[in-house]
Each structure stands twice: as C-alpha cells, then as structure tokens.
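For reference, the chains in residue letters:
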Amino acid sequence: MSANSVSYNEQGSVESGVDAAQENSSIPGSFSSGGAAFSLFSADCKKNEDLKEMLESNKESLKLEAMKRIVGLIAKGKNASELFPAVVKNVASKNIELKKLVYVYLVRYAEEQQDLALLSISTFQRALKDPNQLIRASALRVLSSIRVPIIVPIMMLAIKEAATDLSPYVRKTAAHAIQKLYSLDPDQKEHLIEVIEKLLKDKSTVKYLDIHTNMTKMLLVIKMVVMAVSQLYWHLAPKHELSIITKSLVRLLRSHREVQYIVLQNIATMSIQRKGMFEPFMKSFYVRSTDATHIKTLKLEILTNLANEANISTILREFQTYVKSQDKAFAAATIQAIGRCATNISEVTDTCLNGLVLLLSNRDETVVAESVVVIKKLLQTQPSQHSDIIKHMAKLFDNITVPMARASILWLMGEYCEHVPKIAPDVLRKMAKTFTNEEDIVKLQIVNLAAKLYLTNSKQTKLLTQYILNLGKYDQNYDIRDRTRFIRQLIVPNEKSGALSKYARRILMAPKPAPVLQSAFKDRDRFQLGTLSHTLNSQASGYLELSDWPAVAPDQSVRNVEVVEPAGAPALRKSKTAKSNEKFYSDSEEEEEEEEEGILIITYLPPQIMQKTLLLIIMTKYILIHIVLSISTQFFVNCMCSLLHLCVFLACQFDAVSWHVHVSLQASSPVFVPETSHELLHRMTGKGLSAQYRFTRQPCIYGNSMVSLQLTLSNSSDQALENIHISEKSSTGQNIHRFNAIERLEPQASVTVSMGVDFNDSTQAANFQLCTKEDEFSVSIQPAVGELLLPITMSEADFTKEQGKLMGMNESSATITMTPENVSSQSVNRKVVSVANIGVIPSSQENIYRFAGKTVSSGSLVLVSVALKDPDAVITINTEKTVIGSMLLRQFKTALTNSGP
C-alpha cells in the first residue's frame with residue numbers, strides 16, 4: 001500500500017480500510033472496534049465521493065459548485081488532496097471561473113502530487129498564453145511548484161516570458177518563481193540573473209525600494225519593543241494581566257520566518273506554564289505547507305503544549321494530516337507529539353496507541369520507525385494490558401526495514417518476553433538466520449533478546465542463544481564482540497564467571513522506569529524570554545540573570561532618568577522645570593498642551609528633517625496601531641509619548657537615504673478639445689429619446705478620478721418625456737456620478753447635462769441604464785484611451801528626469817516613416833494632442849517634441865516624445881501603465897503616418 005492508503009490517513013481508500021480491519025482483527029478493544037477512538041485514525045471511505053461525481057459531471061454548474069466546496073474545505077484547513085485526479089481533469093475547462101478555482105487548488109497541492117501534475121504540463125504551458133492575467137500567473141505558480149528536474153527548461157522559458165508580460169501581477173509571479181527554479185537547478189543562475197536585471201528596471205516592482213531598508217529597520221525595532229513588553233509582563237505582571245500580551249505575540253506570527261522563529265520559541269516556553277493564554281488562538285499555530293521545517297516543529301510543539309481533554313480531538317485530527325507530510329523530519333516530530341499527547345492525556349492513550357499501530361503498515365520508513373519508537377515508550381507504561389499490540393508488531397516485523405524500528409521491536413520482545421512466550425522464541429529464530437546481515441544496533445538487541453530468553457525459557461532457546469553468541473563473538477564491530485563476551489559470562493555459569501552470574505536475572509530482567517515524554521522547552525524558562533540564551537538553550541557570554549525581588553523597596557528617585565538628545569537632532573523638548581508644581585489646569589487641558597507642544601516641536605525642525613520625520617510618524621503610527629492594538633495599557637500610552645522623539649532621531653540618522661519625491665504634476669488647460677459627439681442612444685431605440693455624449697477634456701468637478709462628459713438629450717417624439725435619469729443599480733463596476741433627474745423634456749426640445757465616470761484607467765465600456773418614467777434603455781460609453789488622460793506642465797529638465805525613471809518595461813517605442821506634410825512642428829503637435837489629452841512641453845531641441853499628461857484615475861505619469869530623424873521618426877512613450885502606453889503608441893503611429901488633418 002502507498003503512503004496515502006493507510007487507514008490512519010483520513011483520505012484512505014476503501015480497500016485499504018478493509019485490509020487494515022482484517023489484518024488487525026486479532027487485536028481486541030478499541031483497536032479493532034468502530035468506536036470514536038478508532039474513528040480518529042480510520043478512513044472515511046465514502047467521504048468526498050459526491051464531490052468526485054460532481055467534478056466528473058458534464059454540467060459546468062455542478063463542476064463549479066464542487067470546486068467552490070473544495071476551495072471552502074481548503075480554506076477551513078481540511079485535507080482535499082485525494083480529489084487531485086478529479087480536479088486536474090478540469091484544468092482545460094473553457095469556463096473562466098471554474099478554471100480560476102482549479103488553479104487555486106493546484107497551487108495548493110501541485111507540490112504534493114507531482115506525478116499527476118506532471119501529466120498536465122502541456123495544459124499549464126497553454127495557460128501561460130491565456131488572456132486572463134490571473135490564469136497566466138496561476139499557471140506559472142503551479143509550474144514552479146512541480147519539483148522535477150526534467151521540466152527545468154520549460155520553467156526557464158516560462159519565467160522569461162512572464163518577466164516581459166504586460167501585467168505587473170504576472171511579472172511579480174515571475175519574480176517569485178525565480179527562487180524556486182534556482183533551488184531546483186542552481187546551474188540556471190546566469191540566466192536567472194538576466195531576468196532579475198530586467199525586472200529591477202521595472203518601476204512597478206521597485207517603486208518603494210528607496211525606503212525599504214530603513215522601514216525594515218523600523219519594523220524590527222517595533223517588533224523588538226513588542227517582545228520586550230511581553231518579557232516585562234511575563235516576569236513582572238500579575239497573572240490576570242498576562243492575557244494582554246497574547247494577541248500581540250500572535251500578530252507577530254505574520255512576520256518573516258526569522259521573527260516567527262523567535263516569537264514561537266517564546267510562546268512555546270510560555271505555553272508550558274500558561275496553557276490558557278494561547279488556547280483561544282490555537283488555529284494560529286496550525287502548520288502551513290509553506291512553513292519551513294523549524295517553524296513547523298515549533299508550531300507542533302505549541303499545539304502539543306495546548307492539548308487538553310477539550311481540544312485533543314481537534315488536535316489529533318490536525319496531526320493526522322501532518323503525518324503524511326512530504327517533510328520527513330516534520331512527520332517524525334508529529335508522531336513524537338502524538339506520543340506526548342497520549343502520555344499527558346490518559347483518556348486518549350489507547351486511541352493514540354492504536355492509531356500508531358496502524359501506521360506500522362505505512363510504506364514510509366521514517367513514519368514506521370518513529371511509530372515503533374513511540375509505541376515502545378507508550379507500552380512501557382502499561383505492558384500487561386497491550387500484549388496483543390506486541391504480538392501484532394511481531395507479525396509486522398519482517399516488513400519493517402528501518403534499523404531503529406527493528407531494534408525497538410526486539411527490545412520490546414525481550415523486555416516483555418513473558419507476555420509473549422510463544423512468539424518471542426520464533427522471532428529469535430528468524431533473527432539468528434539474518435544476524436550477519438543486520439545493522440549493529442539490531443545485532444545488539446538480538447544479543448539482548450537471546451540473553452533474556454535464555455534466562456526465562458532456556459529449554460527452547462538454549463541452542464539458539466549459543467549460536468547467536470558465537471556469531472557475535474567474531475563480529476567486526478568491537479562493541480558487539482564486547483557485549484557478546486559480557487553476556488556469555490553473565491548468563492552461562494562456569495568456573496570463571498564468579499558470583500555475578502547468580503544475579504543475571506535480576507540484572508537483565510530488572511523492571512525499568514517508563515520514559516517520560518516531555519517538551520524540549522521545559523527547562524528553558526530558566527533563561528529570560530527573548531534572550532540569546534533562551535534561543536540557544538545555553539547560557540551565552542554576557543547573559544545576566546534576572547534579579548530576585550528586593551526585600552526593601554528601592555528609592556523612587558532612581559526612576560528619574562535624564563533624556564539624552566541624539567547627536568545631530570535639534571532640541572525636542574521645552575523645559576518643564578519652570579512650571580509650578582501647582583495644578584492650574586484640568587487633566588484634559590494638560591493633554592491639549594502636550595499635543596500643542598508636539599506640534600511646536602515639528603515647526604522647529606529644518607525642512608529636510610521635517611519631511612522625513614512626518615513620513616516616519618505616519619508609517620510608525622500605522623504599524624504600531626496594527627501590531628500592538630490589543631495592548632492599551634498605561635505602559636504603551638507612555639511609549640507613544642516618546643514616538644515623536646524616536647522618529648526625529650531616525651530622520652536625523654537616515655541621512656544616506658534617497659527619499660523619493662515625485663515632481664509636482666501641475667494640471668494645465670487642454671491644448672485641443674474635439675467637438676465630435678458620439679451616439680449614446682438612437683431615437684428609434686429610445687422611443688423618441690436620443691442621447692449624444694462628448695469628452696470635455698476638463699477636470700471633472702465631481703471627483704478627481706473621474707472623466708468629465710457632456711450629454712445632450714433630445715426628445716424627437718410628439719409627447720413630453722418625464723423623469724429622465726440614470727438608474728442607481730445600473731453601473732458595472734465603474735463609479736458613475738449621475739446627472740440630476742430631468743423632470744420633463746418637451747417635444748422637439750434638447751437639454752445638455754454633465755456627468756463623471758471613473759474608468760479606472762481602462763478602456764472598458766461603462767454600461768448603465770438610461771431611464772424615463774416608463775422605459776429603461778441599456779447604453780454604454782466607450783472611452784478612447786487618449787480621453788483617460790489630463791494634460792500637465794513641467795520643465796524640460798523634469799521631463800528628462802522622470803523619463804529616466806520610467807525605462808525598461810515602462811517604455812514603449814516604435815519607428816515610423818512620416819509623410820512630408822506631417823514633419824512640421826505644428827502638424828506633429830496637432831496630431832498628437834488630437835489623439836490624447838496631453839500637454840505640450842517646451843523643448844530646446846528642434847527635432848524633438850515632448851508631451852506630458854497623467855492618467856485621470858490613478859494620476860500615473862504619461863510621457864510622450866517624438867524624435868524626427870529624416871525621413872523617419874521615433875515615437876517613445878514612458879509610463880508605468882504599460883497597457884495604456886502600448887495602445888497610445890498604436891494610435892500615434894496611425895495619426896502621424898496618415899496625410900489627412
């Protein structure tokens with residue numbers, strides 16, 4: 001059976017469940033029953049069968065519903081890996097919604113089901129060309145999750161193509177895939193460096209790199225503050241106030257894995273002594289497939305510490321999924337955790353023990369070996385009650401190949417040979433045949449088993465024991481030779497053996513204390529939380545022990561600490577020594593005075609420092625609110641008072657930072673306003689109501705992100721039209737500012753109204769309902785790409801500077817051949833501004849014409865330059881909106897090559 005077919009796993013097959021039941025029929029009690037204890041580790045044979053049928057249906061609606069339910073299961077932390085074959089069949093579906101959900105599933109399970117994913121590789125390659133950016137990105141993500149060296153060339157080609165994709169989302173996915181490919185094949189380093197260099201020129205991916213380094217420093221400082229406060233509360237606060245720090249520590253688990261490691265280590269120590277602190281946040285410690293092994297192990301440690309009678313069922317089901325992880329070290333640690341749960345919670349001891357026995361049929365040697373070792377430790381607590389399990393392990397012995405597991409079973413046989421008097425000699429007989437081929441650790445346990453059987457059942461095993469001792473006497477390993485000679489002298493009395501042989505039975509068969517399964521963090525509380533010594537579990541150089549509580553209260557004056565101003569920073573506080581000790585103000589007035597003092601501090605700063613300080617205050621305040629929202633004690637109120645001081649200090653220290661400041665984009669009047677109107681509603685379709693619209697190219701008075709439009713409504717019928725308006729429920733995603741309802745429009749009359757539409761920098765049509773009192777008409781406004789811009793003015797130097805920032809992926813250019821009548825400056829300017837609503841920038845070069853604008857919705861810069869090189873011309877467009885840039889380029893090429901006006 002495969003690793004996924006064992007009854008222990010929740011997703012086992014019908015056949016495996018039956019086989020397991022038949023194989024274990026000899027074991028009584030909960031081990032073979034269908035009770036609640038066994039169900040925790042048994043297969044639900046019919047689970048998800050309905051989902052499989054829905055996925056194999058011919059109806060798209062059923063498939064879509066099935067995928068929604070499957071993604072819902074994944075979101076709840078359930079295991080849906082057994083559905084992989086049924087899901088992957090739908091990867092080529094034409095239904096875009098179904099395809100998106102399929103890729104969500106594949107991204108989650110492709111790394112675990114690599115063989116099946118490999119069969120659909122051609123489908124993933126085709127999806128890299130899909131018109132939908134989400135599908136392209138998802139296909140690349142799935143492709144990079146298949147860890148098979150044979151597809152390295154395919155992955156390399158896919159990453160190169162994705163790195164030049166028009167969608168920033170796809171390019172970001174390509175950047176994430178680079179590290180996966182490098183870990184799979186480091187020989188691709190040179191090719192990957194070329195891709196990285198290209199991506200680094202992409203403004204959308206490096207926009208905030210100039211402040212990234214120092215923001216990282218600030219984040220680390222703030223996280224250190226949270227850890228320091230947690231340490232303070234842990235060692236000093238009353239027990240009923242400890243819950244204050246819990247939520248903040250859990251929030252830190254969203255940080256980088258380095259921070260997670262330190263935080264989890266501290267939580268692991270805390271959770272041993274105070275389980276109730278973190279039990280409400282137990283789901284925060286569930287292991288994710290993307291976690292590193294050391295993070296998984298720490299989360300496993302915490303879950304084990306939090307286990308109690310109330311939540312053990314939930315935790316065991318979670319462990320059940322972890323056991324079949326591809327990470328062998330983590331799977332082994334999970335089995336150890338199950339053993340600890342069995343030891344600590346007596347109600348589930350039998351459940352855990354029986355579940356571990358089922359794992360002995362697993363093909364994974366690591367799982368089997370660890371299961372045997374843990375079973376051995378558990379059986380030492382109640383050996384007389386579990387003789388059936390010992391017999392079952394003996395039956396499986398021939399199929400177990402891991403040396404440590406074989407040695408553990410042999411130790412159990414020898415230690416409790418009196419409980420299995422018929423099976424133990426037979427096991428010894430088999431071991432005598434294979435002695436020379438066994439590992440050293442197994443040979444030692446064979447010698448021990450022979451010695452114990454000689455003392456308890458010499459009639460059956462005397463000759464076998466002598467044979468094994470003779471084999472061991474000449475073994476290549478000196479430990480085995482020494483052990484064999486010692487055992488011979490101990491159990492076989494002769495003239496040279498002396499008095500020691502009289503006590504052989506008491507020495508070898510002495511009762512041994514059951515091992516204690518305890519947390520590796522049990523003794524770490526001797527070190528202060530958050531220290532290097534605590535992390536290493538060893539006292540580091542310079543570590544200071546926490547002082548004992550003083551017998552006498554210290555002098556209060558020691559708390560008065562003089563604040564030392566940072567070098568290079570201006571004086572930040574006005575002296576308060578001149579204030580009278582008497583209170584002339586209420587508490588609220590004093591608070592207002594402190595706020596005013598903070599404002600005065602800012603005004604005294606130099607302009608450059610002031611700018612940096614304000615930015616740091618905004619960012620730091622947001623981060624503090626996000627991270628330590630739950631800690632609203634007086635301690636943090638006092639800390640916030642020092643926030644301004646810290647920000648000014650940082651602003652003075654970060655002199656080497658290149659603070660990115662955009663050139664001010666001053667809007668200007670449109671150079672050209674087209675008078676052309678477009679039909680919105682024909683009079684025949686509108687039952688006498690007709691509508692025309694035109695773009696005014698003026699800033700919209702209804703919103704800075706809206707495009708201004710002018711509508712002309714005409715009544716061509718012989719009856720008055722009433723209540724002409726736009727339906728409130730008619731817009732399809734765009735934000736539309738509707739004109740005020742026209743109460744009455746007389747026959748053959750017209751009226752002009754204005755409206756605004758936020759097209760979100762897209763040429764997608766705005767669809768809405770134009771209504772009268774009696775009818776509704778579906779209409780749409782299709783914007784030209786040039787109408788999504790507003791003209792701006794700037795100097796030639798600023799134009800050149802901003803153009804230099806928008807290179808690489810943000811630049812589109814083309815060479816065209818212009819007709820003679822289009823070569824003049826007037827002709828170039830007229831044709832360019834007729835296509836797009838952009839401003840003309842003065843140019844000191846005769847053959848280069850420059851234009852600038854910004855997108856209405858996002859305010860992104862759009863720079864256009866036309867360089868004449870007789871008889872050709874080079875059109876260059878620089879903008880981070882690459883789709884708009886490519887569309888504008890096509891329209892400029894058409895306009896400048898046509899000889900018309």
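Source: prediction; values computed, not measured. Numbering of residues starts from 1 in every chain and runs along the sequence as written. In keeping with the model being predicted, local features are shown solely for residues with a pLDDT of at least 70 and side-chain atom pairs are shown and tallied solely at 80 or more, while totals for entire chains, interfaces and linings include all residues. To obtain the side-chain values, all non-hydrogen atoms of the structure were included, while hydrogens and water were left out.

**Student:** Quick rundown of helix H26 (residues 458-473)? Include the residues and the values.
**Tutor:** In this analysis the local bend is the angle between axes fitted, respectively, to the seven residues ending at and the seven residues starting at the residue. Secondary structure is summarised from DSSP: a helix means a run of H or I of at least four residues, a strand means a run of E of at least two, and numbering begins at the N terminus for each. Bending of H26 peaks at approximately 25° at the position of Leu 464. Here's how the labels work: a residue is buried when its accessible area is under 20% of the maximum for its type, exposed when over 50%, partly exposed in between, all with a 1.4 Å probe on protein chains only. Residues of H26 that are buried: Thr 461, Leu 464, Thr 465, Ile 468, Leu 469 and Gly 472. Any pair of residues with heavy atoms lying within 4.5 Å of one another is described as a contacting pair. Of the surrounding secondary structure, the elements contacted by the buried residues of H26 are helix H24 (423-434), helix H25 (440-456) and helix H27 (478-491).

**Student:** Quick one: what's the story with the pattern of salt bridges, residue by residue and with numbers?
**Tutor:** Salt bridge, as used here: a side-chain nitrogen of Lys or Arg that lies within 4 Å of a carboxyl oxygen of Asp or Glu. A full pass over the atoms with the stated rule returns 24 salt bridges. Put simply, Lys 881 and Asp 761 hold a salt bridge, and the shortest N to O gap is 3.8 Å. Residue Lys 881 is found in the loop between strand S16 (872-879) and helix H36 (882-897), and its partner Asp 761 is found in the loop between strand S8 (750-758) and strand S9 (766-771); the two are separated by 120 residues along the sequence. The exposure class assigned to Lys 881 is partly exposed, which follows from its relative accessible area of 29%.

**Student:** Run through the state of the cysteines, naming residues and quoting values.
**Tutor:** When two cysteine sulfur atoms lie within 2.5 Å, the pair is treated as a disulfide. Counting across every chain of the model gives zero disulfides. Left without a disulfide partner, Cys 341 is nearest to the cysteine sulfur of Cys 352, which lies 6.2 Å away.

**Student:** Break down the packing of helix H4 (residues 60-75) against helix H6 (residues 96-109) for me, citing the residues and quoting the values.
**Tutor:** For helices, the axis comes from a line fit to the C-alpha atoms of the stretch in contact; other axes are also lines fit to C-alpha atoms, and the angle between any two N-to-C directions lies between 0 and 180 degrees. Two numbers describe how H4 lies on H6: the axes approach to 9 Å, and their chain directions differ by 35°. H4 and H6 meet at a crossing whose hand is left-handed. Between H4 and H6, the residues in contact are Glu 60, Lys 63, Leu 64, Met 67, Lys 68, Ile 70, Val 71 and Ile 74 and Glu 97, Leu 98, Leu 101, Val 102, Val 104, Tyr 105, Arg 108 and Tyr 109, respectively. Split by residue class, the contact of H4 with H6 holds 11 nonpolar, no polar and five charged. Helix crossings fall into two classes, left-handed where the near helix is turned counterclockwise from the far one by less than a right angle and right-handed where it is turned clockwise. Only Asp, Glu, Lys and Arg are considered charged, only Ala, Val, Leu, Ile, Met, Phe, Trp, Tyr, Cys and Pro nonpolar, and every remaining residue, Gly among them, polar.

**Student:** Describe the pairing of strand S11 (residues 789-793), naming the residues involved and giving the relevant values.
**Tutor:** Burial analysis of S11 places four of its five residues in the buried class, which makes it a mostly covered element. When DSSP finds two or more bridges between two strands, those strands count as paired. Relative to strand S14 (residues 848-855), S11 is paired through three bridges, and the arrangement is antiparallel. Bridging from a neighbouring strand, Leu 789 pairs with Thr 855 of S14.

**Student:** Outline the environment of Glu 675, supporting the account with residue identities and numerical values.
**Tutor:** Position of Glu 675 relative to the elements: it lies in the loop between strand S1 (666-667) and strand S2 (678-681). Measuring from C-alpha to C-alpha, the distance between Glu 675 and Thr 696 comes to 8.6 Å, with 21 residues separating the pair along the chain.

**Student:** Lay out the sheet that holds S9 with the relevant residues and their values.
**Tutor:** Pairing is antiparallel in the open sheet, where four strands are placed in the order S7-S5-S9-S10. Strand pairing shows two members of the sheet lacking a second neighbour, strand S7 (742-745) and strand S10 (776-781), which therefore form its edges. Strand after strand, the sheet turns through a mean of 30° between neighbouring axes, direction not considered. Bridging between strand S5 (residues 721-726) and S9 involves two bridges; their strand directions are antiparallel. Within S9, the residue paired with His 725 across the bridge is Cys 771.

**Student:** How would you sum up unusual backbone geometry? Please name residues and give values.
**Tutor:** The phi dihedral of Arg 697 is positive, around 60°, even though this residue is not glycine. In this structure, Asp 761 is a non-glycine residue whose phi angle is positive, near 55°. Given the relative accessible area of 11%, Asp 761 is considered buried.

**Student:** Explain the sheet that holds strand S4 (residues 707-715) residue by residue, including any values.
**Tutor:** Hydrogen bonding along the main chain pairs the strands of a sheet, whether they run parallel or antiparallel. Here we have five strands laid out as an open sheet, ordered S2-S3-S4-S8-S6, and antiparallel in their pairing. In this open sheet, the two edge strands, each paired with only one partner strand, are S2 and strand S6 (735-737). Between one strand axis and the next, the sheet turns by 35° as a mean value, whatever way the strands run. The sheet contact formed by S6 and S8 spans three bridges and is antiparallel. Within the sheet, the bridge partner assigned to Asn 735 lies in S8 and is Asp 758.

**Student:** I'd like to hear about a positive patch on the surface, residue by residue, with values.
**Tutor:** Two joining distances apply to patches: 9 Å for like charges and 5 Å for nonpolar side chains (Val, Leu, Ile, Met, Phe, Trp, Tyr), and every residue must have over 30% relative accessible area and no salt bridge. Residue-level accessible areas treat just the shown protein chains as cover; the underlying method is Shrake-Rupley with a 1.4 Å probe. Positive charge is attributed to Lys and Arg, negative charge to Asp and Glu, and no charge count is given to His or to the chain ends. Charged side chains are reduced to one point each, which is NZ for Lys, CZ for Arg, CG for Asp and CD for Glu. Positive charge collects at one region of the surface, where Lys 76, Lys 78, Lys 283 and Arg 317 lie side by side. Turning to its location among the elements, Arg 317 is positioned in helix H18 (residues 312-322).

**Student:** Tell me about the pairing of S9, and please be specific about residues and values.
**Tutor:** Of the strand pairs in this sheet, S9 and S10 are connected by six bridges, and their pairing is antiparallel. Looking at S10, one finds that Gln 769 is bridged to Ser 778. Hairpin connection of S9 to S10: four residues between the antiparallel strands.

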